[in-house]
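Examining the three-dimensional arrangement
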Amino acid sequence: MKISVIGTGYVGLVSGTCFSEMGNSVTCVDKNQEKIDFLKKGIVPIYEPGLDVLIRRNKQNKNLFFSHSIKDSVKHSDIVFIAVGTPTLDNGAADLTQVKNVAKEIGRSIDKKTLVVNKSTAPVGTCNLIEQIIGNELQKRNLDVNFEVVSNPEFLKEGDAVNDFMKPDRIVIGVKSEDSFQLMKELYSPFFRTRDRFIRMDIRSAEMTKYAANAMLATKISFINEIANICEKVGADVNKVRVGVGSDSRIGYNFIYPGVGYGGTCFPKDISALIKLSEEYNYSPKLLASVEEINENQKKFFLNKLLNKFGENLSTFTFGVWGLSFKPETDDMRKSPSIYIVKELCKRGAKVNVFDPKSMKNAKEKYFSKLDIFYGQNKYQIINNIDALILLTEWKEFRSPDFEELKNRMKTPIIFDGRNQYNAFNLTKKGFEYYQIGKNKNG
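1. Examining the overall build of the protein
In terms of helices and strands, the protein carries 16 helices and 14 strands. The C-alpha radius of gyration computed for the protein amounts to 24 Å, which stays within 12% of the reference 22 Å derived for 443 residues, consistent with globular compactness. The buried share of the protein, reckoned over its 443 residues, is 55%. The contacts of the protein with a sequence gap of at least 6 include a subset with a gap of at least 24, amounting to 72%. Across the protein, the 65 positively charged side chains and the 53 negatively charged ones have centroids separated by 2 Å.

2. Side note on the nonpolar core
Counting residues in hydrophobic clusters, the biggest one holds 56 residues, and the most contacted among them are Phe319, Leu345 and Phe368. Not counting residues within four places of it along the chain, the set of residues in contact with Phe368 comprises Leu324, Met333, Ser338, Ile339, Val342, Lys343, Ala363, Ile373 and Tyr375. Core analysis: the next-biggest nonpolar cluster, separate from the first, contains 38 residues, Tyr10, Val11, Val117 and Phe181 among them.

3. Concerning the side chain of Thr17
Within the element layout of this structure, Thr17 appears in helix 1 (residues 10-21). Taking relative accessible area as the criterion, Thr17 reaches 0% and is therefore assigned buried. Every residue in contact with Thr17, bar those within four places of it in the chain, is listed here: Leu51, Leu54, Ile55, Asn58 and Leu64.

4. Some words on the pairing of strand 2 (residues 25-29)
Along strand 2, four of the five residues are buried, which leaves the element largely enclosed by surrounding structure. In the sheet, strand 1 (residues 2-6) pairs with strand 2 via five bridges, with the strands oriented parallel. When the bridges of strand 2 are listed, Lys2 appears paired with Ser25. Since strand 1 and strand 2 lie parallel, the crossover through helix 1 that links them has a hand, and here it is right-handed. As defined by bridge partners, strand 2 adjoins strand 3 (residues 64-67) across four bridges and the pair is classed as parallel. Bridging across to strand 3, Cys28 finds its partner in Phe66.

5. With respect to unusual backbone geometry
One non-glycine residue, Asn142, adopts positive backbone phi at about 55°. Among the structural elements, Asn142 can be located in the loop between helix 6 (126-140) and strand 6 (147-151). Here Glu329, not a glycine, exhibits a phi torsion of approximately 65°, which is positive. Following the sequence through the fold, Glu329 ends up in the loop between strand 9 (318-322) and helix 13 (337-347). Its relative accessible area of 26% is what places Glu329 among the partly exposed residues.

6. Here's the deal with the pattern of salt bridges
Counted by the stated rule, this structure contains 28 salt bridges. Residue Glu154 is joined to Lys210 by a salt bridge in which the shortest nitrogen-to-oxygen separation is 3.1 Å. Here the residue Glu154 occupies a position in the loop between strand 6 and helix 7 (161-166), and Lys210 occupies one in helix 9 (residues 203-234), the gap between them amounting to 56 residues. With a relative accessible area of 4%, Lys210 lands in the buried category. Of the charged contacts, one joins Lys269 and Asp270 as a salt bridge, the two residues approaching to 3.1 Å between their closest N and O atoms. Side by side, Lys269 and Asp270 carry an identical accessibility label, which is buried.

7. Focus on the packing of aromatic side chains
Overall, the coordinates contain 21 aromatic pairs when judged by the stated rule. Plain terms: the ring middles of Phe310 and Phe416 are 6.3 Å apart, the flat faces sit at 50° to each other, and that makes the pair tilted. Of the two residues, Phe310 is situated in helix 12 (residues 286-310) and Phe416 in strand 13 (residues 414-417); the sequence distance between them amounts to 106 residues. Through a chain of ring-to-ring contacts, three or more aromatic side chains come together here, namely Phe19, Phe81, Phe165, Tyr188 and Phe191. Looking at Arg170, its charged tip hangs above the ring of Phe155, at a distance of 3.7 Å from the centre.

8. Quick word on the environment of Asn61
In this structure, Asn61 sits in the loop between helix 3 (51-60) and strand 3. The exposure class assigned to Asn61 is partly exposed, which follows from its relative accessible area of 45%. Measuring from C-alpha to C-alpha, the distance between Asn61 and Gly23 comes to 9.1 Å, with 38 residues separating the pair along the chain.

9. Focus: a nonpolar patch on the surface
Where nonpolar side chains cluster on the molecular surface, the patch consists of Val243, Tyr253 and Tyr257 and spans about 290 Å² of accessible area. Locating Tyr253 in the fold gives a position in the loop between helix 10 (238-246) and helix 11 (266-280). Overall, Tyr253 belongs to the partly exposed group, its relative accessible area being 35%.

10. A closer look at the environment of Ile251
Topologically, Ile251 is positioned in the loop between helix 10 and helix 11. Remark: the alpha-carbon pair of Ile251 and Lys220, spanning 31 residues in sequence, is separated by 9.5 Å.

Parameters and conventions
- Residues numbered from 1 in each chain as written.
- Predicted model: local features only at pLDDT ≥ 70, side-chain atom pairs only at ≥ 80, totals over all residues.
- Heavy atoms only, no water.
- Helix = DSSP H or I, 4+ residues; strand = E, 2+ residues; numbered from the N terminus.
- Rg over C-alpha atoms; globule rule 2.2 N^0.38 Å.
- Buried < 20%, exposed > 50% of the residue type's maximum accessible area, 1.4 Å probe, protein only.
- Contact = heavy atoms within 4.5 Å.
- Lys, Arg positive; Asp, Glu negative; His and termini not counted.
- Charge placed at Lys NZ, Arg CZ, Asp CG, Glu CD.
- Core = buried A, V, L, I, M, F, W, Y, C linked by side-chain atoms within 4.5 Å.
- Pairing = 2+ DSSP bridges.
- Right-handed = clockwise from strand over helix to strand, strands pointing away.
- Salt bridge = Lys/Arg side-chain N within 4 Å of Asp/Glu carboxyl O.
- Phe/Tyr/Trp six-rings, centres within 6.5 Å; stacked < 30°, edge-to-face > 60°.
- Lys NZ or Arg CZ within 6 Å of the ring centre and 35° of its normal.
- Patch = residues over 30% accessible without salt bridge, like charges linked within 9 Å, V, L, I, M, F, W, Y side chains within 5 Å.
- Areas by Shrake-Rupley, 256 points an atom, 1.4 Å probe, with all protein chains shown as cover.

Structural data, given as structure tokens:
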């Protein structure tokens, strides 16, 4: 098939590349000319494991192309995917400006039967809005073109997005006609040959499914963090509680790991947008509001552990920070708890050394450009003579460090673990003072 994917962020670039891997002719489109120029040279603007290899291979095989012109790509395509950003407005709602602009361009460009697929995460009713905008543009051109808009939400995890796309656990399709559903089945069928994983539903239900899925995952994270905070008050150990709870097959272990809270674009943005959407329909989503509030407070709760130890004035202390991205295997720092914690440390006069395997460029250019921070080239370079080590992202290379090396280099062997990665008993034996989430005793 001939496919256009408009938007080359995580969703658009991964989707378009994976479609091309199955032999489709795919053009990824973005208005950012510099980004398109980089992609044409094989330079990938985001870090996503395995993505660069697929892009280079399919460019070479003439399956994958890049363009900044929506018109040129859309008019030759059978299917057009919308995968642009829907950032959060000041009032918490999703900003649909890019979606609307793309819909207008599609309406101004198509002149034959076209299936338009919305992959951007957007509120219920967005597909209807896209359909209306395209229809209005066609009317201005006095054209009667057969087109349909369907919803096909994405469920990709940053850091494992390529694997998620190539081996999906389900494909949700919100669609009106049988013809469009069958076309979507034809497109996705190569990704699973053993069993049918299509879930067909109406468009509004498909749009809601994306929000509901992210809301459930975010709820599990905030739930275990709430339990962790209670554990600290009553003298329980959340690490043991988590095992006891997760062993229940109705609950499971996924997403019940205590920490400094969730970040990224999906959970914070989608929870906020779902709350705003609910309020527009005169419903107050108390559970979702609590999920959001708990997550916002969790990074503050963690910071207070450090302040209780060192005090509010940190001008005589140096801290090392391991991990800046909101999760491992990505360079994405958007809404990462590290942003708040590093800035709060600096605001109190602390000297801060940081290291992250992939996010250093983003940190320097986008988030900490005005801060006086030392950026290490490796994890050990930032620990010399520090008063405490702060772990904020659970990268694999942080899981089993040389603790003797740490102890010898640090001024004081103190670790604040925001991801509960280490064994408190073992660290205590090694002479560390160890603080984690959900346990009121340090080493």
